[in-house]
Amino acid sequence: MWAQIFSNLFSIETMLALLVGVIGGMVIGALPGLNATMAVSLLLPVTFAMEPYAGFIMLMAIYTSAFYGGSISAILIHTPGTPASAATAADGYELTKKGRGLEAIGMSTIASMFGGTLSGIALLTIAPALSKVSLWFSSPEYFLIAIFGLTIIGGLAGDSMIKGFLGGAFGLFLGTIGMDAITGQLRFTYGFDSLMSGISLVPAMIGLFSISEVMIQAENYKKIINPIKVEGTDVRLNGKFLPTLKEVIKLLPNLIRSSIIGIFVGILPGAGGDIGAWLSYSEAKKASKHPEEFGKGSLEGICASETGNNAVTGGSVIPLLTLGIPGSAVASVLLGGFLVHGMVPGNQMFTKLANVTYTIIIGFILANILMGIVGILVARYVIKVVNIPISVLSPLIVVLSAIGSYAVNGNIFDVYIMLVFGIIGYFMRKLEIPSAPTILGLLLGPMAENGFMNSVVMAKGNVFAYYFSRPICVILIIVIAVSVLTPIASKIIRGRQAQGGNA
Amino acid sequence: MELSKLHMDVYTGGIMTAIGLYFFIAACRLSEQASVFPKIVLGVFVLLSLALLVDGIIKTIKGNKESHSIKFEEIKIPLITFAFTTLYVIALNLIGFYIATLIFIPSLALFYRQKSKIIIMCSTLGTVLFIHFLFVVQLKLMLP
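Just so it is clear, the structure is predicted and the values come from calculations on it, not from any experiment.

### Things to note about the overall build of chain B
Okay, step 1: What chain B contains, in helices and strands, is 5 helices and 0 strands.
Okay, step 2: The order of helices and strands in chain B, counted from the N terminus, is α-α-α-α-α.
Okay, step 3: Whereas a compact globule of 144 residues would reach a radius of gyration of roughly 15 Å, chain B reaches 23 Å, over 25% beyond that.
Okay, step 4: Expressed as lengths along the three principal axes of its C-alpha atoms, the size of chain B is roughly 55 × 45 × 25 Å.
Okay, step 5: Within chain B, buried positions represent 43% of all 144 residues.
Okay, step 6: Counted over contacts in chain B with a minimum sequence separation of 6, partners at least 24 positions apart contribute 58%.
Okay, step 7: When the accessible surface of chain B is summed, it comes to about 8,200 Å², and 72% of that surface belongs to carbon and sulfur atoms.
Okay, step 8: Here chain B contributes 12 positively and 7 negatively charged side chains, and the mean placements of these two sets differ by 11 Å.

Right under this line is the structure:
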């Protein structure tokens, strides 16, 4: 098996995919407004003609490199390229103002590479063992797993839990469109034959994440028609770049702690890179001998947040590969990709499809190392991309979105699906309804329905009693209840604390 | 109570409830077995929409203005951009990828007041060649 894996890894296709993924991810991450979710959904159709391992290595390289790219614009122009780099912006920009911007980027490079690589190693070691859990699951458990994924991502997405769950329920409804698997009856197709097999996942994802982003960018019309050259992009970056070995050893506890936090946050469905970065940052501040420097140009702060956000990437893929529960919005898109490629997450990913899965995981580890090397070589120049005008980027994204959607089935109807989801995605964002639970609902809908309908048959009567007679179901029901109630309880506690503070 | 003072969630909850009820009624027309799961999902959807409506009413009463209403001025340009995109998709089907793209990219760039003709020309030709190379040469896809 390993000979096959190494032959897969060191093929020209995989190496090219790695390089394109790393550089593409860094550039997209550095562009404020564009993010990894959009890039991964946009490039998913490109993977159809590639070997699945090469395609997924490219997508995962984009995922991890986008977080790193986001830190470059955060440090040099105080504009986080991705939300996950917000914690880096304060300290990084302070250092830039002191003429130490290059040193901050150097720290971010080492920290991102360390966090990402360690999360890849965690993925390689934890995922195979965890995947065996899926062998204990039957239809009722799969139904509850789908509900669990939705409740947790819905509960954590955005400020309003109701809107998060509403987005999830909407996605589940969209998942029912098409031919019913049991009765063969058409549901909500309204005469469109192309909807018989349901809503195409990839065009829906491209619409929700890419077209809606183009529309959001269009709101800044005044900025588009009067582009102002971003200050800081022409600054010649001189001085020290990489930290010394002594400094890295001194920061080792910070790097390891932040990696563990990031991996753990990544495993929790719904908690993304921003939470991983802020938690790591806050813990590093508590542990630091110089907490007063945090927010005023602390290299320790940059180290923590950048290690934390990149460690989330590998962590979020663990529940995705083992149980089919994505740990982040990007992981939701990756789940869609796996399903389109005929790879169903679970134990078979580490048995029947082990060659492909291990190639992807080791490729992900290599992507993180390559990201560090490429970062050392080109990071100081990547910042120039923030001056690419929206008037050039937007048409390019629209064309790529349309052709990417068409490429899935060679069917123009899919491009119309992209359009519809584009406008839905835009208004969802305007109404502050998160799109990630909708995509997850659409992805998990068929699994939830099959699980539920089969368990109704298996129950032969009282469904509730049947669910409560299965120990794993009871555990999952408790976990679902906790995942729903915890955000409510923390909101109430925060409200009372605020009232107490005002009194 | 003035409509303009209503919290945005009141409108969102109201519209979502109406959409949910419409599809719930449509689900009721399906056969019993095919309608079980859609009815459960749409039932939950309607309940959540009603919860959002009530939440919006409470926020309105409390005078919470954290969520501003959507003004047409704010969404005008995004909607025009969407209209450009829709026309492009229709053109893709009617006149094919190459001509549609050669018209679409300069049109949207000019709408965004991109003044440099060289940038427009390079980005248009670059995109067409890139997509031709990637999808036609590499992926062997027949473009529309």
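Back to the write-up after that little detour.
### Points about the pattern of salt bridges
Working definition: two side chains of opposite charge can pair if their charged atoms are close together.
Okay, step 1: Taken as a whole, this structure holds 14 salt bridges over all chains when the rule is applied.
Okay, step 2: Residue B:Glu73 is joined to B:Lys76 by a salt bridge in which the shortest nitrogen-to-oxygen separation is 4.0 Å. Taken together, the residues span about one helical turn, with B:Glu73 and B:Lys76 both in helix α3 (residues 72-95) at a distance of 3 residues.
Okay, step 3: Residue B:Lys76 is classed as partly exposed on the basis of its relative accessible area, which comes to 32%.
Okay, step 4: Beyond isolated ion pairs, a larger network of salt bridges with shared partners links A:Lys163, A:Glu432, B:Asp9, B:Asp55 and B:Lys59.

### Some points on helix α3 (residues 36-43) of chain A
Working note: α-helix, 3.6 residues per turn, so residues spaced by three or four point in the same direction.
All names here are of chain A.
Okay, step 1: Among the 8 residues that make up α3, 7 are buried, leaving the element largely enclosed by the rest of the structure.
Okay, step 2: All of the buried residues in α3 are Ala36, Thr37, Met38, Ala39, Val40, Ser41 and Leu42.
Okay, step 3: Buried positions along α3 lie against α2 (12-30), α4 (52-77), α9 (201-218), α14 (329-340) and α16 (390-409).

### Things to note about the interface of chain A and chain B
Okay, step 1: Contacts between the two partners involve 61 residues from chain A, matched on the other side by 63 residues from chain B.
Okay, step 2: In this assembly, chain A packs against chain B so that about 5,400 Å² is buried in total across both faces, 81% of it on carbon and sulfur atoms.
Okay, step 3: When the buried surface of chain A facing chain B is broken down by residue, A:Leu166, A:Tyr221 and A:Ile403 rank first, second and third, together holding 11% of it.
Okay, step 4: At the junction of chain A and chain B, the tally comes to 2 salt bridges.
Okay, step 5: A:Lys163 serves as the salt-bridge partner of B:Asp9, at 2.8 Å between the closest nitrogen and oxygen.

### Some points on the side chain of A:Ser405
Residues and elements named next belong to chain A.
Okay, step 1: One can find Ser405 in helix α16.
Okay, step 2: For Ser405, a relative accessible area of 0% translates into the label buried.
Okay, step 3: If we ignore the near neighbours within four places in the chain, the residues touching Ser405 are Pro203, Ile206, Asp414, Val415 and Met418.

### Let's talk about the confidence of the model for chain B
Okay, step 1: For chain B, per-residue confidence averages 89 on the pLDDT scale, and residues scoring 70 or more make up 94% of the total.
Okay, step 2: Both scores are available for the predicted complex, with the pTM at 0.82 and the ipTM at 0.93.

### A short note on unusual backbone geometry
All names here are of chain A.
Okay, step 1: Phi at Tyr190 is positive, roughly 50°, even though this residue is not glycine.
Okay, step 2: Among the secondary structure elements, Tyr190 is positioned in the loop between β2 (186-187) and α9.
Okay, step 3: Positive phi outside glycine occurs at Glu432, with the angle close to 60°.
Okay, step 4: Counting through the fold element by element, Glu432 comes out in the loop between α17 (412-430) and α18 (436-459).

### Here's the deal with the environment of A:Asn411
All names here are of chain A.
Okay, step 1: With respect to the secondary-structure elements, Asn411 resides in the loop between α16 and α17.
Okay, step 2: Looking at Asn411, the relative accessible area reads 26%, which means it is partly exposed.
Okay, step 3: Sequence separation between Asn411 and Ser194 is 217 residues; the distance between their C-alpha atoms is 8.9 Å.
Okay, step 4: Beyond its immediate stretch of four places on either side in the chain, Asn411 contacts Ser194 and Tyr406.
Okay, step 5: Polar contacts involving the side chain of Asn411 include one to the main-chain amide nitrogen of Phe413, which spans 3.0 Å.

### Section: the packing of aromatic side chains
All names here are of chain A.
Okay, step 1: The final tally for this structure, using the stated rule, is 25 aromatic pairs over all chains.
Okay, step 2: Ring centres of Trp2 and Tyr358 lie 5.6 Å apart, and the angle between their planes is 45°; on these two criteria the pair is classed as tilted. With Trp2 in helix α1 (residues 2-9) and Tyr358 in helix α15 (residues 354-382), the pair connects residues that are 356 residues apart, well separated along the chain.
Okay, step 3: Trp2 gets classed as partly exposed once you look at its relative accessible area, which sits at 42%.

### Regarding a nonpolar patch on the surface
Residues and elements named next belong to chain B.
Okay, step 1: A surface patch of nonpolar side chains, about 680 Å² in accessible area, is lined by Leu87, Ile90, Leu94, Ile95, Tyr98, Ile99 and Ile103.
Okay, step 2: When residues of the nonpolar patch are traced back to their parent elements, those giving at least two are α3 and α4 (97-111).
Okay, step 3: Sort the elements by how many residues they give to the nonpolar patch and α3 lands first, with 4 residues.
Okay, step 4: Residue placement: Tyr98 occurs in helix α4.

### Quick look at the side chain of A:Ser119
Residue and element names in this part refer to chain A.
Okay, step 1: Residue position: Ser119 is located in helix α6 (residues 101-131).
Okay, step 2: Here the side chain of Ser119 touches Gly116 through a polar contact of 2.8 Å, landing on its backbone oxygen.
Okay, step 3: Apart from residues lying up to four places away in sequence, Ser119 is in contact with Ile263, Asn310, Ala311, Thr313, Gly314, Gly315 and Phe364.

### Some points on the environment of B:Lys59
Residues and elements named next belong to chain B.
Okay, step 1: Tracing the backbone through its elements, the reader meets Lys59 in helix α2 (residues 32-62).
Okay, step 2: Lys59 gets classed as buried once you look at its relative accessible area, which sits at 14%.
Okay, step 3: For the pair formed by Lys59 and Met8, sequence separation is 51 residues and the distance between their alpha carbons is 9.5 Å.

### Description of the packing of α6(A) against helix α13 (residues 299-323) of chain A
Residues and elements named next belong to chain A.
Okay, step 1: For the pair α6 and α13, the least separation of the axes is 7 Å and the interaxial angle reads 25°. Considered as vectors, α6 and α13 are oriented roughly parallel to each other. As α6 packs across α13, the resulting crossing turns out to be right-handed.
Okay, step 2: Grouping the constituent residues of the contact of α6 with α13 by class yields 16 nonpolar, 12 polar and 2 charged.

Criteria and cut-off values
Sequence order as written defines the numbering, with residues in each chain counted from 1. The naming scheme follows written order: chains are lettered A onward, ligands numbered 1 onward. Per-residue local features of the predicted model are confined to residues with pLDDT of at least 70, and side-chain atom pairs are confined, for both listing and counting, to 80 or more; whole-chain, interface and lining totals are unaffected and use all residues. Note that the side-chain values use all heavy atoms of the structure and ignore hydrogens as well as water. In this description a helix means any DSSP run of H or I spanning at least four residues, a strand means any run of E spanning at least two, and both kinds are numbered starting from the N terminus. The quantity called the radius of gyration is restricted to C-alpha atoms. Its globule counterpart is 2.2 Å times the number of residues to the power 0.38. In this scheme, a residue with accessible area under 20% of its type's maximum is buried, one over 50% is exposed, and one in between is partly exposed, where area comes from a 1.4 Å probe on protein chains only. Contact between two residues is taken to exist if any of their heavy atoms lie within 4.5 Å; hydrogens are not considered. Accessible surface is estimated by sampling points in the Shrake-Rupley manner with a 1.4 Å probe; for residues, cover comes only from the protein chains shown. His is not counted here, nor are the chain ends, while Lys and Arg score as positive and Asp and Glu score as negative. Where a charge lies is defined by one atom per residue type: Lys uses NZ, Arg uses CZ, Asp uses CG and Glu uses CD. Each salt bridge in this description consists of a side-chain nitrogen of Lys or Arg and a carboxyl oxygen of Asp or Glu lying within 4 Å of one another. What gets called buried area is simply the loss in accessible area from a 1.4 Å probe that two parts show on being joined, summed for both. pLDDT is a residue-level measure of predictor confidence that goes from 0 to 100. A 3.5 Å cut-off defines polar contacts: any pair of N or O atoms within that distance qualifies, except that in protein one atom must be a possible hydrogen donor and the other a possible acceptor, and neighbouring residues in sequence count only when both atoms are side-chain atoms. Pairing of aromatic rings covers Phe, Tyr and the six-membered ring of Trp, with a centre-to-centre limit of 6.5 Å; geometry is then stacked below 30 degrees between planes, edge-to-face above 60, and tilted otherwise. Patch definition: residues above 30% relative accessible area lacking any salt bridge, with like charges linked at up to 9 Å and the nonpolar side chains Val, Leu, Ile, Met, Phe, Trp and Tyr linked at up to 5 Å. For helices, the fitted line uses only the C-alpha atoms of the stretch in contact; every axis is such a line through C-alpha atoms, and the angle between N-to-C directions lies from 0 to 180 degrees. Relative orientations are named as follows: roughly parallel for angles under 35 degrees, roughly antiparallel for angles over 145 degrees, roughly perpendicular for angles from 65 to 115 degrees, and oblique for any other angle. Take the far helix as your reference; a near helix turned counterclockwise from it by less than a right angle gives a left-handed crossing, and one turned clockwise gives a right-handed crossing. Classes in brief: Ala, Val, Leu, Ile, Met, Phe, Trp, Tyr, Cys and Pro nonpolar; Asp, Glu, Lys and Arg charged; the others, Gly included, polar.

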